[in-house]
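What follows is each chain in one-letter form.
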Amino acid sequence: TYAELDRLSDRFAALLAQHGVGTGDRVAVFMPNCPQFLLAFYGILKRGAVHCPVSPLSRPFELAYQLEDTGATTILTLDTLMPLVREVQDQTGLTTVLATRFADMLPVDPTLPLPDMLKAPPVPCPDAIDLMPALETVGDPPAVTPDVNAVAALNYTGGTTGMPKGCIHTQGDMLYTASCNLGIAASIDQNTVFLNFFPVFWIAGENAALINPIFSGATLVLLTRWDPVAVMQAVTQYRVTNTALPVDGAMELLDHPRFLEFDLSSLRQIRVVSFVKKLNLAYRERWRSMTGGLLAES
């Protein structure tokens, strides 16, 4: 719930303060999509620190480079990624390592099919602070006066012309992006249900999962990764109204042998992005004939 997110992100801000993180300090978040990513993101901003997401697909030299480039001294990671953190820690300025695991925030009886990585047994991390228990032992976070013009995040580029470069985003930039997205949406209110599978370390996933749903007061269905059956089951079960897909993903859904088992009629706004396949009239017409909805180029 929003109350849980507010409470847990307050506690994360307090935990950061307890470990010496102050205004403007860089905090690396080295994880795939999971609820802990949201509480970390908002906790970092509440502390006045700088959110520095790192792709969980990074190789050791890429992780070391980004940690050094940001100057991060604190990192939150997943238990299964701890071996990479250990490998590069002495090459960086890291002094505080926090670890969590998928199982920490999974329901006892999951409602959607889980990818194998979510079902893997927890990995012991004796050399890291266990996030969830630590959150229960901290007090209130120190008061921080928000500054919408201060650096809030360093989102790294793909590195197509060299090593990735950190792009500065302020809280004002985030608010502006969210308000623009709300402005072009057909209808977003508290009955809106977003579905996101884009990786949230990426700026598109950050906007789609960390910022836009919270800004608009909507519900978020967060998938760890793309899975066509999980997407269709989530839309059916949670009556998802808004999502974004690559054109390839939309066609994969239509071509899936189980497509007719699911009810996708709740979808009222689907924004598609052209990466490989380009959105054309034939794709639009096929989607409309099979779902009753419309594909809109993002």
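Right above here is the structure, for reference.
In this text, all values refer to a predicted model and were calculated from it rather than measured experimentally. (Residues numbered from 1 in each chain as written. Predicted model: local features only at pLDDT ≥ 70, side-chain atom pairs only at ≥ 80, totals over all residues. Heavy atoms only, no water.)

Caption draft 1: Spotlight on the overall build of the protein chain. In terms of helices and strands, the protein chain carries 11 helices and 12 strands. Here the C-alpha radius of gyration of the protein chain, 20 Å, is about what a compact globule of 298 residues would show, namely 19 Å. Across the 298 residues in the protein chain, those meeting the buried criterion constitute 46%. Considering only residue pairs separated by 6 or more positions, the protein chain has 74% of its internal contacts joining residues 24 or more positions apart. Surface summary for the protein chain: the accessible area is close to 14,000 Å², and the carbon and sulfur share equals 56%. Taking the 20 positively charged and 29 negatively charged side chains of the protein chain as two groups, their mean positions are separated by 6 Å. (Helix = DSSP H or I, 4+ residues; strand = E, 2+ residues; numbered from the N terminus. Rg over C-alpha atoms; globule rule 2.2 N^0.38 Å. Buried < 20%, exposed > 50% of the residue type's maximum accessible area, 1.4 Å probe, protein only. Contact = heavy atoms within 4.5 Å. Areas by Shrake-Rupley, 256 points an atom, 1.4 Å probe, with all protein chains shown as cover. Lys, Arg positive; Asp, Glu negative; His and termini not counted. Charge placed at Lys NZ, Arg CZ, Asp CG, Glu CD.)

Caption draft 2: Region of the structure containing unusual backbone geometry. A positive phi is found at Arg239, a non-glycine position, where the angle reads about 50°. Tracing the sequence through the fold places Arg239 in the loop between helix 9 (228-238) and strand 10 (242-246).

Caption draft 3: The arrangement of the side chain of Ser9 in detail. With respect to the helices and strands, the residue Ser9 is situated in helix 1 (residues 2-18). Taking relative accessible area as the criterion, Ser9 reaches 1% and is therefore assigned buried. A polar atom in the side chain of Ser9 sits 2.8 Å from the side chain of Lys46. Residue contacts for Ser9: discarding those within four places in its chain leaves Leu39, Tyr42, Gly43 and Lys46. (Polar contact = N/O pair within 3.5 Å; in protein donor to acceptor, adjacent residues only side chain to side chain.)

Caption draft 4: A look at the nonpolar core. Counting 55 residues, the largest nonpolar core has Phe12, Leu63, Leu67, Ile75, Val85 and Leu135 as the members making the most contacts within it. Among the elements that take part in this core, helix 2 (residues 35-47) stands out by supplying eight residues, more than any other. Apart from residues no more than four positions distant in its own chain, Leu67 is found in contact with Ala28, Ala72, Ile75, Val88, Thr92 and Leu94. By size, the runner-up hydrophobic cluster in this structure holds 29 residues, among which are Leu195, Leu245, Ala250 and Phe262. (Core = buried A, V, L, I, M, F, W, Y, C linked by side-chain atoms within 4.5 Å.)

Caption draft 5: Representation of the sheet that holds strand 8 (residues 193-196) in the model. In space, the five strands of this open sheet follow the order 9-8-10-11-12, with parallel pairing throughout. Among the strands making up the open sheet, the edge pair consists of strand 9 (219-222) and strand 12 (295-297). Each strand of the sheet is rotated relative to its neighbour by a mean of 30°, with strand direction disregarded. In this structure, strand 8 lies alongside strand 10, joined through two bridges in parallel fashion. (Pairing = 2+ DSSP bridges. Axes fitted to C-alpha atoms, helices over the stretch in contact; angles between N-to-C directions.)

Caption draft 6: Quick peek at the packing of aromatic side chains. Counting across every chain of the model gives five aromatic pairs. Ring geometry for Phe41 versus Tyr42: centroids 4.9 Å apart, planes at 90°, classification edge-to-face. Take Phe41 and Tyr42: they sit in the same class, and that class is buried. Both rings, one in Trp202 and one in Phe275, keep their centres 6.4 Å apart while their planes meet at 45°; by these two values the pair is tilted. One end of the pair, Trp202, is in the loop between strand 8 and helix 8 (203-216); the other, Phe275, is in the loop between strand 11 (269-273) and helix 11 (281-291), with 73 residues separating them in the sequence. In this structure Trp202 comes out as partly exposed when scored by relative accessible area, which is 33%. Residue Phe275 is classed as partly exposed on the basis of its relative accessible area of 47%. (Phe/Tyr/Trp six-rings, centres within 6.5 Å; stacked < 30°, edge-to-face > 60°.)

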